[in-house]
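# Descriptive analysis of the structure
Below, each chain spelled out in residue letters.
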Amino acid sequence: MAQNIEKIDRSTFQNKHLIGIEALNKDEITLILDLANTYADALDKGNFQSDVLKSKIILMLFFEDSTRTRTSFEIAAKRLGADVVHWDVKTSSLNKGESFHDTITTLNAMCPDAIIVRHSEYGAPKTISTLVDCPVINAGDSWNEHPTQALLDALAMRRHFGQIEGLTVSIIGDIAHSRVASSNMKLLTKMGVNVRIIAPPILIPEKLPSDKIEKFKSLEDGIKNADVVMTIRPQKERMKSVLIEDESYFKDYGLTKDKLKLAKDTAIVLDPGPFLRNVQISNDLADDTEQFLYLKQVTGGIATRMAVMDILVRDK
Ligand code: NCD
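A brief look at the structure comes next. Small disclaimer: the values here were computed from a predicted structure and weren't measured.

### Quick word on the sheet that holds strand β1 (residues 57–62)
Taken in spatial order, the four strands of this open sheet run β2-β1-β3-β4, and their pairing is parallel. Each edge of the sheet is formed by a strand with only one pairing partner; in this case those strands are β2 (83–88) and β4 (136–141). For this sheet the average axis-to-axis angle between neighbouring strands, irrespective of direction, equals 15°. As paired strands, β1 and strand β3 (residues 114–119) are joined by five bridges and run parallel to one another. In the sheet register, Phe62 faces β3, and the bridge partner there is Arg118. Sitting on the sheet, helix α4 (residues 100–108) touches β1, β2 and β3, and the angle it makes with β1 is about 165°. Together, β1, β3 and β4 form the strand contacts of helix α12 (residues 294–313), whose direction differs from that of β4 by roughly 145°.

### Brief notes about the site of the ligand
In the vicinity of the ligand, the contacting residues are Arg68, Thr69, Arg118, His146, Gln149, Arg179, Val180, Arg233, Gln235, Pro272, Gly273 and Pro274. Here Arg179 contributes a side-chain N or O atom positioned 2.7 Å from an oxygen atom of the ligand. In the complex, the protein chains occlude 93% of the 320 Å² of accessible area that the ligand would expose alone. Of all the cavities here, the one that holds the ligand is the second largest pocket. Looking at the shell around the ligand, the elements that each hand over two or more residues are α3 (68–79) and α7 (179–190). Split by residue class, the shell around the ligand holds three nonpolar, five polar and four charged.

### Section: the layout of surface pockets
Of the pockets and cavities examined, the largest pocket occupies roughly 460 Å³. Together, 23 residues line the largest pocket, and Glu22, Tyr122, Asn144, Glu145 and Lys186 are the ones closest to its centre. Looking at the lining of the largest pocket, the elements with two or more residues in it are α5 (124–129) and α7. Counting residues per element, the lining of the largest pocket draws most heavily on α7, which supplies three residues. Residue classes in the lining of the largest pocket are distributed as 10 nonpolar, seven polar and six charged. As for the second largest pocket, its lining consists of 21 residues, of which Arg118, Arg179, Arg233, Gly273 and Pro274 are closest to the centre. Where the lining of the second largest pocket is concerned, the elements lending two or more residues are α3 and α7. Grouping the constituent residues of the lining of the second largest pocket by class yields four nonpolar, eight polar and nine charged.

### Points about the pattern of salt bridges
Applying the stated criterion to the full structure yields 20 salt bridges. With a shortest N-O distance of 3.9 Å, Lys26 and Glu165 are connected by a salt bridge. One end of the pair, Lys26, is in helix α2 (residues 26–44); the other, Glu165, is in the loop between α6 (147–161) and β5 (168–173), with 139 residues separating them in the sequence. Exposure remark for Lys26: the relative accessible area of 37% places this residue in the partly exposed category. Asp44 is the partner of Arg159 in a salt bridge, and the nearest nitrogen-oxygen pair spans 3.0 Å. Of this pair, Arg159 sits in helix α6 while Asp44 sits in helix α2, and the two are 115 residues apart along the sequence. Among the charged side chains, a network of salt bridges with common partners joins Glu6, Arg10, Asp310 and Arg314.

### Concerning the packing of aromatic side chains
Taken as a whole and judged by the stated rule, the model has eight aromatic pairs. Their ring planes at 90° and their centres at 5.1 Å tell us that Phe275 and Phe292 sit as a pair that is edge-to-face. Highlighted residues: Phe275 in the loop between β9 (268–270) and α11 (283–286) and Phe292 in the loop between α11 and α12, separated in sequence by 17 residues. With respect to burial, Phe275 and Phe292 carry one shared label: buried. For Phe275, a relative accessible area of 18% gives the class buried.

### Let's talk about the pairing of β5
Across the six residues that make up β5, a large majority, six, are buried. Of the strand pairs in this sheet, β5 and strand β6 (residues 194–198) are connected by five bridges, and their pairing is parallel. Bridge pairing in β6 links Ile171 to Ile197. In this region the chain leaves β5, passes through α7 and returns to the parallel neighbour β6; the handedness of that crossover is right-handed. Bridging between β5 and strand β8 (residues 228–232) involves five bridges; their strand directions are parallel. Bridging from a neighbouring strand, Gly173 pairs with Ile232 of β8.

Rules used throughout
- Residues numbered from 1 in each chain as written.
- Predicted model: local features only at pLDDT ≥ 70, side-chain atom pairs only at ≥ 80, totals over all residues.
- Heavy atoms only, no water.
- Pairing = 2+ DSSP bridges.
- Helix = DSSP H or I, 4+ residues; strand = E, 2+ residues; numbered from the N terminus.
- Axes fitted to C-alpha atoms, helices over the stretch in contact; angles between N-to-C directions.
- Contact = heavy atoms within 4.5 Å.
- Near = heavy atom within 4 Å.
- Polar contact = N/O pair within 3.5 Å; in protein donor to acceptor, adjacent residues only side chain to side chain.
- Areas by Shrake-Rupley, 256 points an atom, 1.4 Å probe, with all protein chains shown as cover.
- 1 Å grid on protein atoms, 1.4 Å probe; cavity = no way out; pocket = protein on both sides within 12 Å on 5 of 7 lines; lining within 4 Å.
- Sits in = over half its atoms within 2 Å of the grid points.
- Nonpolar A, V, L, I, M, F, W, Y, C, P; charged D, E, K, R; others polar.
- Points joined across faces, edges and corners; volume = space filled by probe spheres on them.
- Salt bridge = Lys/Arg side-chain N within 4 Å of Asp/Glu carboxyl O.
- Buried < 20%, exposed > 50% of the residue type's maximum accessible area, 1.4 Å probe, protein only.
- Phe/Tyr/Trp six-rings, centres within 6.5 Å; stacked < 30°, edge-to-face > 60°.
- Right-handed = clockwise from strand over helix to strand, strands pointing away.

Structure (structure tokens):
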């Protein structure tokens, strides 16, 4: 297996950083997915450990809360033999008045081999990439991008259906405030997927990344014959005021087993997590691991982040 991983040609990847799906072309996305798929096969066999990132230091800068993404990056880095250092915003000198710029240049002077960053400000990872010498990987910035989440979602679809081109993916929920929806719309349209978004008009952004994306107000219309239904949490932390109540949201936009019957018989449901039971998705559907592949997404997230760090951080 290790040989297969080594046989994949990484030279098509031209970016130093992974700031967003925006900057990637189809070949670069395919390369990450090919490598992630190979790592996922190796991880499935159990006890996979590599040393391609031995003696590399990965610095984690999480300015915002995280359960899945931070842990997933750490496990992925350790599976590749790297050391991980966590910087903690709550105990940092930003609280003593140090500027963001000075904090970042200070950390850069310690020569990490890569920085993984999550930030509540739109564009913060890009700014950091201009201030440091090492690769920067965006682990989510505001409602802008969450590239490794979209890549791991694509990996889940590819491992389930064999390929993603030609699928119909319906994304339900808070498209306006979700970085996951934003990165997914970019990735899926670049990869030849038919993308639909389903949301109340107030949760649809003014501008979409592609004019091929179809908009639906009705969940029932938007999931007809879909291969994949992706649910997205109302991102209340980014709304200036409550735009929609949980109960009415569930009635109109909550996914249930009955509504899912309108999609293809073979349809799967994905969610980036954290998912809200009986708001986004009914309890019984959330517990149905045949149709709701959330845990497979989480597992595949490790392989996806291993692929990204392998490409960006290992010695060329
Ligand atoms: C998401 C995030 O933080 O962007 N979660 C994740 O990283 N898997 C989605 C969300 O918070 O709704």
